[in-house]
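Residue-level structure breakdown
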Amino acid sequence: MNILVINCGSSSLKFQLIDSESEQVSAKGLCERIGIAGSRLVYQKAGADKQVSEAPMPDHKAAIRMVIGALTDRETGVVTSLSQIGAVGHRIVHGGERFAASVLLDDDVTEAIEACSGLAPLHNPANLTGIRACRELMPDTPMAAVFDTAFHQTMPQEAYLYGIPYDCYEKYGIRRYGFHGTSHSYVSKRAAQVMGRDLATLKLIVCHLGNGASVSAVRYGKSVDTSMGLTPLEGLIMGTRSGDMDPAIIEFIAHQEGKTLAEVMEILNKESGVLGLSGGLSSDFRDLEDAYCREMPEGIRAIKTFVYRVAKYIGAYTAAMNGVDGICFTAGLGENSPLIRSLVCEYLGYLGVRLDQEQNQKRGQDTVISTPDSGTAVLVIPTNEELAIAREAAALLQK
Ligand code: AMP
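Residues numbered from 1 in each chain as written. Predicted model: local features only at pLDDT ≥ 70, side-chain atom pairs only at ≥ 80, totals over all residues. Heavy atoms only, no water.

**Here we look at the overall build of the protein chain**
Tallying secondary structure elements over the protein chain gives 14 helices and 14 strands in all. Relative to the compact-globule value of 21 Å for 399 residues, the protein chain shows a C-alpha radius of gyration of 21 Å, a close match. Along the longest, intermediate and shortest principal axes, the C-alpha atoms of the protein chain span 60 × 55 × 45 Å. Looking at the protein chain as a whole, 51% of its 399 residues are labelled buried. When the accessible surface of the protein chain is summed, it comes to about 18200 Å², and 50% of that surface belongs to carbon and sulfur atoms. (Helix = DSSP H or I, 4+ residues; strand = E, 2+ residues; numbered from the N terminus. Rg over C-alpha atoms; globule rule 2.2 N^0.38 Å. Buried < 20%, exposed > 50% of the residue type's maximum accessible area, 1.4 Å probe, protein only. Areas by Shrake-Rupley, 256 points an atom, 1.4 Å probe, with all protein chains shown as cover.)

**Considering the site of the ligand**
Taken together, 13 residues surround the ligand, and among them Asn211, Asp284, Phe285, Gly332 and Arg363 come closest. With respect to the ligand, the backbone of arginine 286 contributes an N or O atom lying 3.5 Å from an oxygen atom. Here a nitrogen atom of the ligand and a side-chain polar atom of arginine 363 are 3.0 Å apart. Among the elements of the structure, helix H10 (285-293) and helix H12 (331-336) are those that each provide at least two residues to the shell around the ligand. Here the shell around the ligand gets four residues from one element, more than from any other, and that element is H12. Tallied by class, the residues present in the shell around the ligand amount to three nonpolar, six polar and four charged. (Near = heavy atom within 4 Å. Polar contact = N/O pair within 3.5 Å; in protein donor to acceptor, adjacent residues only side chain to side chain. Nonpolar A, V, L, I, M, F, W, Y, C, P; charged D, E, K, R; others polar.)

**Here we look at the pattern of salt bridges**
Under the definition given, this model contains 15 salt bridges. Between arginine 40 and glutamate 32 there is a salt bridge, with the nearest N and O atoms lying 2.6 Å from each other. Exposure remark for arginine 40: the relative accessible area of 28% places this residue in the partly exposed category. The class of glutamate 32 is partly exposed, set by a relative accessible area of 23%. Two residues, arginine 190 and aspartate 366, come together in a salt bridge whose shortest N-O distance is 2.8 Å. (Salt bridge = Lys/Arg side-chain N within 4 Å of Asp/Glu carboxyl O.)

**Here we look at the sheet that holds strand E6 (residues 85-92)**
Pairing is mixed in the open sheet, where eight strands are placed in the order E5-E4-E3-E2-E1-E6-E8-E7. Of all strands in the sheet, those with a lone pairing partner are strand E5 (50-54) and strand E7 (103-104), marking the two edges. In terms of strand pairing, strand E4 (residues 40-45) meets E5 through five bridges, oriented antiparallel. Residue pairing across strands places valine 42 opposite valine 52, the latter belonging to E5. Taken strand by strand, helix H1 (residues 60-72) contacts strand E1 (2-8), strand E2 (13-19), strand E3 (25-32), E4, E5 and E6, and its axis lies near 35° from that of E2. (Pairing = 2+ DSSP bridges. Contact = heavy atoms within 4.5 Å. Axes fitted to C-alpha atoms, helices over the stretch in contact; angles between N-to-C directions.)

**Observations concerning helix H3 (residues 124-137)**
Between its terminal C-alpha atoms H3 stretches 20 Å, which fits the 20 Å expected from 14 residues at 1.5 Å a residue. Within the span of H3, buried status applies to Asn124, Ala126, Asn127, Leu128, Gly130, Ile131, Ala133, Cys134 and Leu137. (Expected span 1.5 Å × (residues − 1).)

**A look at the pairing of strand E14 (residues 377-380)**
Burial along E14 is two-sided: Ala377 and Leu379 and Val378 and Val380, pointing in opposite directions, are all buried. Summarising the sheet, strand E12 (residues 326-330) and E14 pair through four bridges and their orientation is parallel. By the bridge assignment for E14, glycine 326 is matched with alanine 377. Here two bridges tie strand E13 (residues 367-368) to E14, and the two strands are oriented antiparallel to one another. Across the sheet, threonine 367 pairs through a bridge with valine 380, a residue of E14.

**A word on the environment of serine 242**
By the secondary structure assignment, serine 242 is in the loop between strand E11 (222-226) and helix H7 (248-257). A sequence separation of 184 residues divides serine 242 from proline 58, and the C-alpha atoms of the two residues are 34 Å apart.

**Quick look at the sheet that holds strand E9 (residues 203-209)**
Taking strand neighbours across the sheet as the criterion, the six strands line up as E11-E10-E9-E12-E14-E13 in an open arrangement whose pairing is mixed. Each edge of the open sheet carries a strand with a single partner, namely E11 and E13. Lying over the sheet, helix H6 (residues 181-195) contacts E9, strand E10 (213-219), E11, E12, E13 and E14, oriented at roughly 125° with respect to E9. Contacting E9, E12 and E14, helix H13 (residues 338-345) runs over the sheet at an angle of about 155° to E12.

**Details of the nonpolar core**
Counting residues in each nonpolar core, the largest one holds 42 residues, and the members touching the most others are Ile205, Cys207, Leu209, Phe306, Ile314, Ile327 and Ile340. The set of elements that each furnish at least two residues to this core consists of E9, E10, H10, helix H11 (297-321), E12, H13 and E14. Looking at this core element by element, the count peaks at nine residues for H11. Among all residues touching isoleucine 340, those that are not within four sequence positions of it are Leu209, Phe285, Glu289, Ile303, Phe306, Val307 and Leu333. Counting residues in hydrophobic clusters, the runner-up holds 38 residues, among them Leu4, Leu71, Val88 and Ala145. (Core = buried A, V, L, I, M, F, W, Y, C linked by side-chain atoms within 4.5 Å.)

Written out as structure tokens, the structure reads:
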């Protein structure tokens, strides 16, 4: 069955058409600048060159219409009609406590996603526009909602509660939810396969290191802790997000610089992380690695501070699970940076970690990068959130 996977942002829409049996991508692409002048569709059929078409897309409905047009186009399309698309899988950022698993979409689910919008004001409304547009244009196609938060709903209370008045949890749902759940789930399953072990017997730590970054502790296939919290701002130092810090810093900066709360939050979300640490040099690790290798202090402090935080979380999650069998690296940086992986592993002597330097140079494939005699296995597992969403949608339809 062909499954259309949709990931809708406020002004963008990414899509892939995946055959659920062969798990091959037949076409993929991106609508950019939706609702803004200069909107365009970048479309790529498997094995063909990318095509860019500029066309006005005043809203997400117009964008989905363009996507459907491209997928069913006589020359460049991959299906002859909409009826050949068996289901749509929507990536939804926040499912709150209501959704511990993916679900088929109906009015009730759409309303519940809307009710979670307060917890993800930048993301859920954008996801909803995509859902509404698809439901209007493809009213007979079943749709699934796959939540970034769902995988982490297995966390025990002691891992998800904050040390603030319990009222705040009861009244407003303030707790750790965690994100990147589809990736953490996919990578932990795949790691067990690569290790030739049963997931139900393994303690794994998954380091999803991209522009957004999070770590999770996955014990016997279930998430028991993760570094992102109520929002994706907590945890690791990221491209432009601060990650963990003393909450009193917010008031301190506001006071010192005469800024509003909203302005300080903008700094923590958009001007912090490795971008801020490097004095504005870059949020892109390729630039920072270059600066690190040229011994520039901006690159050295950004990378060392980033790596230290990752290593601290690995230590914390080893303690939380009373041991660890495998440490997995994934996402843009985790999959592509031998330097960052080896710097993190330098902290893991207490786990008996020994890196195979040659294996560590490999990119883009499932690889065990530790030596056979390493005390703990270390793996690179390329994540594939779109495939995971397509699998979820297919599984829901089979039920
Ligand atoms: P993502 O958000 O998963 O797309 O990851 C983006 C991050 O991965 C950016 O900081 C990139 O600089 C980083 N990245 C991608 N490729 C490489 C590479 N070859 N070496 C180092 N960092 C990389």
